[in-house]
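Summary of structural features
Spelled out from the first residue to the last, the chains are:
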Amino acid sequence: MVRRRLSEAIRWQIIGMHTTGASFKAIGRQLGYHYTVISRLVRKHRQTGAVKDRPQSGRPRVTSEREDRALLRIIRREPFSTSTVLKRAWLPNRHLSTRTVRNRLKAAGTAARRVIKRPRLTDDHKRRRLALCLARQRWNLRTWRRIHWSDESRFLLHVTDGRLRVWRHRNTAYTPRNIRQTVPFGGGSVMVWGCISHDCKLDLVTIRGNLTGDQYMRHVLEPVVVTHFDNHPLATRPVYMDDNARPHRSRAVVDYLQNNAVTTLPWPAMSPDLNPLEHVWDILGRRIQALQPPVQTLRELEAALHREWLQVTREPIRRLTGGMRRRVDAVIRARGGFTRY
């Protein structure tokens, strides 16, 4: 429980009330403090004739409030600087420790936190993202549910989390139980293609090797996308979304989609935050990592991906696709910049 600090004005008010004959409990009830607080203050006034706190013990501060504000201005300009770099840039002629730097930043409410990573956005990227969202700002769910969102994703056999920490004693870093074993390049990976909409989820397709335009047509568009789209009447035919990867924009792929009456959604580059399928990949990846026993081979990983893809229910997908207006509004508020999605 945080103790309320008595201001100097309140302290003198208490002394005045006690001088007029008010009891400790009466003063406490009126001002909202416990009567023992009142009695300690009155006793201090009798002994010292003052109401201010006595000098506190502890090491004196080596920096002033003005210098502390200068440190905050530095981290606003260079938020990725380490405490060592900040120490040199802050007060280069003063003998300070990095602990002092961290203490001042902590007292100001700042802390070293996880960095959010996003694709690099140029001014042209922002303009195109903003233009797309402004043109579709008034789309309702009936319009968004026609969109079929597609994407490829690569899953590593052994995922390495760079933020992993271990609880250990000093000088035990090389104890076998404290070592996280890794393999080069994650032990290999499996690349898959998927597609979702508000009302359906298409079959997951494994991509062998590097994706090319010809492979994209033969293994994805022809057997999965076009076959699914042909089952819809022309008036309610879905709209296909894929990103600007080179295999998706090859001349052969563009001609193939046009010849098969597949309407595509114009898509700005560097916009994964507008594709709800990215969050489905995250759901799939978490399920794979939670498997017990974990997968050991690429064949097991591929089988697990297809199995877990079938287990993804419609509810989380509908929550994602149903929130497209919020995503669009977020991009508009950011003027085409980064969003929380």
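Residues numbered from 1 in each chain as written. Predicted model: local features only at pLDDT ≥ 70, side-chain atom pairs only at ≥ 80, totals over all residues. Heavy atoms only, no water.

1. Digging into helix H13 (residues 314–321)
All buried positions along H13 are accounted for by Pro316, Ile317, Leu320 and Thr321. End-on, the buried residues of H13 take up no more than an arc of 130°, which puts them together on one face. Buried residues belonging to H13 abut helix H8 (141–144), strand E1 (147–156), strand E2 (189–196), helix H11 (277–289) and helix H14 (324–333). (Buried < 20%, exposed > 50% of the residue type's maximum accessible area, 1.4 Å probe, protein only. Helix = DSSP H or I, 4+ residues; strand = E, 2+ residues; numbered from the N terminus. Arc of directions from axis to C-beta. Contact = heavy atoms within 4.5 Å.)

2. Focus on the sheet that holds E2
Overall, mixed pairing links the 5 strands, which are arranged E3-E2-E1-E4-E5 in an open sheet. A single partner strand is all that each edge strand has here, and the edge strands are strand E3 (205–207) and strand E5 (263–264). By the bridge criterion, 8 bridges tie E1 to E2 in an arrangement that is antiparallel. From the neighbouring strand, arginine 154 faces E2, where its bridge partner is methionine 191. (Pairing = 2+ DSSP bridges.)

3. Things to note about the side chain of glutamate 308
On the secondary structure map, glutamate 308 appears in helix H12 (residues 298–311). Judged by its relative accessible area of 12%, glutamate 308 falls in the buried class. In contact with glutamate 308, not counting residues within four places along its chain, are Leu284, Arg287, Ile288 and Leu291.

4. So, the pattern of salt bridges
Applying the stated criterion across every chain yields a total of 14 salt bridges. Taking the shortest distance from any N to any O, the salt bridge between aspartate 273 and arginine 129 comes out at 2.9 Å. With a gap of 144 residues between them, aspartate 273 in the loop between E5 and H11 and arginine 129 in helix H7 (residues 123–135) connect regions that are remote in the sequence. Residue aspartate 273 is classed as buried on the basis of its relative accessible area, which comes to 9%. (Salt bridge = Lys/Arg side-chain N within 4 Å of Asp/Glu carboxyl O.)

5. Points about unusual backbone geometry
Most peptide bonds adopt trans geometry, and most residues besides glycine take a negative phi value. The linkage connecting glutamine 292 with the following residue, proline 293, adopts the cis geometry, with an omega of -5°. With respect to the element layout, proline 293 can be found in the loop between H11 and H12. Positive phi values are uncommon outside glycine, yet asparagine 171 reaches one of about 65°. As for its position among the elements, asparagine 171 is in the loop between E1 and E2.

6. Topic: the UniProt feature "domain: Transposase Tc1-like" (unreviewed entry) in the protein chain
When the UniProt feature table is mapped onto this chain, "domain: Transposase Tc1-like" (unreviewed entry) is found at residues 68–135. In residues 68–135, helix accounts for 60% and strand for 0%; the two terminal C-alpha atoms are 47 Å from one another. (UniProt positions renumbered as here; feature names shortened; annotations may be inferred.)

7. Description of the pairing of E2
With 7 of 8 residues buried, E2 lies mostly within the body of the structure. Where E2 lies against E3, 3 bridges are found, and the strand directions are antiparallel. In the strand pairing of E3, tryptophan 193 is matched with valine 205.

8. Considerations on helix H1 (residues 8–19)
The terminal C-alpha atoms of H1 lie 17 Å apart, and with 12 residues this matches the ideal 16 Å at 1.5 Å per residue to within 8%. Considering only its buried residues, H1 is in contact with helix H2 (24–31) and helix H3 (35–48). Just downstream of H1 lies glycine 21, where phi reads positive at about 110°. (Expected span 1.5 Å × (residues − 1).)

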